[in-house]
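# Notes for the structure review
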Amino acid sequence: MAQKRKNIIKRALMLLTLVFLFFLVFAGRVVYVQVTKEVNGQDLQAMAESRWTTTQTLHGERGSIYDREGQALAEEVQSYTAFAVLDKEYEGHVENPEETAEKLAPFIGLDAAELQEMFQTGLEEDKFQIELGSGSKYLSLSQKQEIEELGLKGIYFRTEPKRYYPNQKFASHVLGYTERDMSEAKMGLELELNKELSPADGSLTYRRNRQGIPLWNVNEQIDEPKNGEDVYLTIDSNIQTALEQAMTEVEEQYNPNKMTAIVANAETGEILGMGNRPSFNPNEYESITNYTNYAVSDRFEPGSTMKMFTLAAALEEEVYNGSGEYESGTYDVGSRTIGDHNNSRGWGRITYDEGFIRSSNVAFAKVALEQLGPKRFFQYMKKFGFSEPTGIDLPNEADSILAEANELNTAITGFGQSSAVTPIQLIQAATAVANDGKMMKPYIVDKIYSGTEEQYSYEAVPESSGSPISEETAALTREKMEQVVTSEDGTGQPFQIEGIDVAGKTGTAQINDPNGPGYLSGEDQNIFSFIGMAPVEDPSIIVYVAVDRPELEETEAGSAPVSQIFNPVMKQSLSYLNLSPDDVAEEQVYEEEGMEAEDYRGKQVEEAVTKLEENGLKPIILGAGNTIEAQYPAAGEPLIIGEKVFLRTKGNIEMPDVTGWSLRDVKRLSTFTDLKLDHLGSGYVTKQSLEPGAAIHEEGYLTVELKRSEETGSANRENTGGEEGEQTQEHQQRE
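So, how was this worked out
- Residues numbered from 1 in each chain as written.
- Predicted model: local features only at pLDDT ≥ 70, side-chain atom pairs only at ≥ 80, totals over all residues.
- Heavy atoms only, no water.
- Helix = DSSP H or I, 4+ residues; strand = E, 2+ residues; numbered from the N terminus.
- Buried < 20%, exposed > 50% of the residue type's maximum accessible area, 1.4 Å probe, protein only.
- Contact = heavy atoms within 4.5 Å.
- Areas by Shrake-Rupley, 256 points an atom, 1.4 Å probe, with all protein chains shown as cover.
- Phe/Tyr/Trp six-rings, centres within 6.5 Å; stacked < 30°, edge-to-face > 60°.
- Lys NZ or Arg CZ within 6 Å of the ring centre and 35° of its normal.
- Core = buried A, V, L, I, M, F, W, Y, C linked by side-chain atoms within 4.5 Å.
- Arc of directions from axis to C-beta.
- Polar contact = N/O pair within 3.5 Å; in protein donor to acceptor, adjacent residues only side chain to side chain.
- Axes fitted to C-alpha atoms, helices over the stretch in contact; angles between N-to-C directions.
- Left-handed = near helix turned anticlockwise from the far one by under 90°.
- Nonpolar A, V, L, I, M, F, W, Y, C, P; charged D, E, K, R; others polar.
- pLDDT = per-residue confidence, 0-100.
- Pairing = 2+ DSSP bridges.
- Salt bridge = Lys/Arg side-chain N within 4 Å of Asp/Glu carboxyl O.

### So, the overall build of the protein chain
Within the protein chain, the regular secondary structure consists of 22 helices and 33 strands. With 735 residues in all, the protein chain has 49% of them scored as buried. For the protein chain, the proportion of contacts with a sequence separation of at least 24, taken over those separated by at least 6, is 70%. As presented, the protein chain carries roughly 36100 Å² of accessible surface, and 45% of it is formed by carbon and sulfur atoms.

This is the structure in structure tokens:
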């Protein structure tokens, strides 16, 4: 009995031990799972998270590209892709494939039979839905709505972002493009600034129940997306539009091999417009034939436009004698004979100034070689920036090729052959002539804005590239360039613009033969160009135009297509920058016939008015006080008889009646009163957005409509001081 009890106790202890061991193992496993959160290599926490937690991608938008006024040139927009549901168990499927194909095909670029075959194939393969080809992708809202109006069952749309260029063929080589889904940037600023423009997607993580419904009172985890930075250009859309229109007209009329044109701010180096032909629509990048931005990526022998820099260098070195004479026609340099552009006939014995006006190759071969010499001449080529890229903020800027500094190359480069440069280098060099000797580095990116940081990550500052010539030399060079346009013997006569004094230089460049040594031969196998600036006394705008091998009529000169671009673009550029032809004429008269403004601050209104009227000036009183607190123009500024002088007193300012005022006077009013001015047209004010007597508030807005006097039939011109000249006969001589 005792033995039996011992056996029972022994078994009980063994069982208890086994249970205890099992418990230890189980507890250890539980602790291990709790600590490691793994079973058989599977992450239990991840499995639970995946079952009960959902993560959604939050899309970051690609940055936009804007013009100088904030108008979008490239932006991300919503687009739509059409697809068809074929599953007959789905209530809204395609019920009549033949009819659907017939109606839908024209809207997505397919043939009806082709679309019907796509439906049939999808049905045979038992597909739930099918895509409808490339023409059904990236549809605009209006295209989507047109398809929806067809009332087709089984046709649906999904939304997806795409890159869109609202102005079509507009500075396309500047902007470049991306794939429609923005997966890859291809060229232009889209590629150059891809890092800045690219966004970073974020995410939203939340808990859900078995039905997928988000749980309440559970904290969401949000990783905010970061939108790409926005880029603001120096491009002026008004100027760029004028440039594109003029180039399109010339392209249609003359069918040139290629063209390029640049508009720049002479004082800052800002690029206000840049265009090329052939061009392209970035929204339809499959059809691009020309990927080259000729303005920065194409180098060529510039032709006679180089003579302005040879002239400036000789003037700076005080070796140029404009009244000195030479024998035109031909000039022997070693074994090479240089001839003038009129089949080497020349014009007999003429002065060097006349040689510049007539664009004599012989004159500037002699100036470069005999007056400057190879060493000094090529030193100035480097000073003018022709030895290295400008560094403009555009991709693929080409290097120039300066010839070796020997006697022959000096003579030939002096009139624009032998060495090759880029259009943007010519623009940079021309700023030295326009900007009183100070050469400005060209740039096209004005600023970059980070919405994430709510601040500008980059802001451009005008940058000097050197001072190759003095202020006096620059002024004298412009004076001689003006004669190229105004003289009856000048090659630049077609570039005369009524009411605007233009200084410029024509060019006719030969083209290297790609099939052998030498240049292309034959009628009009040249690049015709012109670089001009205005107004002459203090240039605001520089425009360069080059047209490669246009198809000219027998009676036409190469300047014809070039002037059809330069003239309207220069005129409209000055107008859009609030410098109309009338304003330019006024400024010139003021300088010639002016007096200086007195200091009227602190004086009584009645006393100031009397004094101004005695001097033939027109006081404009702003405010209701008795004492002058501020004035415009300031003391010491130039005035002429009949000019308006603005006097500020205490009290609220009321809007004067500006009907009949020139744009110049309205600009002065807006500056003095901190009004933001917008204007339509040119000439004299006929309408104003602020009625006379209305209160003027700081940073308010004023819009005026202007018309020329001949349009209104009125004689309300004030203070023009100039006469409208007639354009001289068109000069047909070619360089």
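Additional details are given in the paragraphs that follow.
### Points about the packing of aromatic side chains
This structure, assessed with the given rule, holds 19 aromatic pairs. For the pair Tyr177 and Tyr285, a centre-to-centre distance of 4.8 Å together with 15° between the ring planes defines the contact as stacked. Of this pair, Tyr177 sits in strand 8 (residues 177-178) while Tyr285 sits in the loop between strand 14 (271-277) and helix 10 (294-297), and the two are 108 residues apart along the sequence. Like Tyr177, the residue Tyr285 is buried in the burial classification. Here the aromatic cluster, defined as three or more aromatic residues joined through ring pairs, consists of Phe83, Tyr90, Phe128 and Tyr156. The ring of Tyr80 is capped by Lys144, whose NZ or CZ atom sits 5.2 Å from the centre of that ring. Cation over ring: Arg180 sits above Tyr285, and NZ or CZ is 4.6 Å from the ring centre.

### Quick notes on the environment of Phe83
With respect to the secondary-structure elements, Phe83 resides in strand 5 (residues 72-85). Through-space distance from the C-alpha of Phe83 to that of Ile130 is 6.0 Å; in sequence the pair is 47 residues apart. If sequence neighbours within four positions are ignored, Phe83 has contacts with Gln129, Ile130, Glu131, Leu132, Gly154, Ile155, Tyr156, Phe157 and Arg158.

### Overview of the nonpolar core
Leu233, Ile271, Met274, Phe309, Phe384, Phe386 and Met533 are the most contacted members of the largest nonpolar core, which totals 91 residues. Not counting chain neighbours up to four residues away, the residues in contact with Leu233 comprise Ile65, Tyr66, Asp67, Arg68, Leu73, Val174, Leu175, Leu189, Ile444, Val445 and Asp446. Membership of the second largest hydrophobic core comes to 30 residues, among which are Leu243, Ile500, Ile565 and Val569.

### Quick word on helix 14 (residues 374-383)
Looking at helix 14, one finds that the buried residues are Phe377, Phe378, Tyr380 and Met381. Around the axis of helix 14, the buried residues are gathered within 150° of arc, so they sit on the same side. Exposed side chains of helix 14 directed beyond 90 degrees from the buried face belong to Lys375 and Lys382. Those residues of helix 14 that are buried are in contact with helix 11 (307-316), helix 13 (361-372) and helix 15 (407-414).

### Side note on the environment of Asn293
Inspection of the secondary structure puts Asn293 in the loop between strand 14 and helix 10. On the basis of relative accessibility, which here comes to 7%, the residue Asn293 falls in the buried class. Taking the C-alpha atoms as reference points, Asn293 and Leu394, separated by 101 residues in sequence, lie 9.4 Å from one another. Setting aside chain neighbours within four positions, we find Asn293 in contact with His173, Val174, Met274, Asn276, Asp298 and Leu394. Reaching out from Asn293, the side chain makes a polar contact with the side chain of Asn276 at a distance of 2.9 Å.

### Structural notes on the side chain of Glu643
Take Glu643: it is sitting in the loop between strand 29 (638-639) and strand 30 (644-648). A polar side-chain atom of Glu643 sits 2.4 Å from a polar atom in the side chain of Arg668.

### A closer look at the packing of helix 11 against helix 13
Taken N-terminus to C-terminus, the directions of helix 11 and helix 13 make an angle of 35°; their axes are 10 Å apart at the nearest point. Crossing geometry of helix 11 relative to helix 13 is assigned as left-handed. Note on element contacts: helix 13 touches helix 11 through Asn361, Phe364, Val367, Ala368 and Leu372, opposite Lys307, Thr310, Leu311, Ala313 and Ala314. The residue inventory of the contact of helix 11 with helix 13, partitioned by class, reads seven nonpolar, two polar and one charged.

### Considerations on unusual backbone geometry
The omega torsion across Ala534 and Pro535 is -15°, close enough to zero to call that bond cis. Residue placement: Pro535 occurs in the loop between strand 24 (526-534) and strand 25 (541-548). The residue after Tyr632, namely Pro633, is reached through a cis peptide bond having omega 5°. Looking at the element boundaries, Pro633 is found in the loop between strand 28 (630-632) and strand 29. We note that Met182 has phi near 65°; this positive angle belongs to a residue other than glycine. One non-glycine residue, Ser344, lies in the positive phi region at around 65°. Counting through the fold element by element, Ser344 comes out in the loop between strand 17 (336-339) and strand 18 (349-351).

### Side note on the confidence of the model for the protein chain
Note: predicted coordinates in regions of low pLDDT should not be interpreted at a detailed level. Chain-level statistics for the protein chain give a pLDDT mean of 85 and a share of 86% at 70 or above. Confidence, read as mean pLDDT per element, is least for helix 19 (residues 581-593) in the protein chain (45) and greatest for helix 16 (residues 423-434) (98). In this model, residues 580-593 is a region of pLDDT below 50 whose contacts with residues beyond four sequence positions or in other chains number 39 contacts.

### A closer look at the pairing of strand 25
Most of strand 25 sits out of view: eight of its eight residues are buried. Burial of the side chains of strand 25 extends over both faces: Ile541, Val543, Val545 and Val547 are buried on one face and Ile542, Tyr544, Ala546 and Asp548 on the other. A loop of six residues connects strand 24 with strand 25, the two strands running antiparallel in sequence.

### What to know about the pattern of salt bridges
Counted under the stated rule, the structure contains 26 salt bridges. Here Arg277 makes a salt bridge to Glu244, at a shortest N to O gap of 3.0 Å. One end of the pair, Arg277, is in strand 14; the other, Glu244, is in helix 9 (residues 237-254), with 33 residues separating them in the sequence. Where Asp489 meets Arg358, a salt bridge forms, and the shortest distance between an N and an O atom there is 3.4 Å. You can see Asp489 sitting in the loop between helix 17 (471-486) and strand 23 (503-510) and its partner Arg358 sitting in helix 12 (residues 352-358), a full 131 residues away along the chain.

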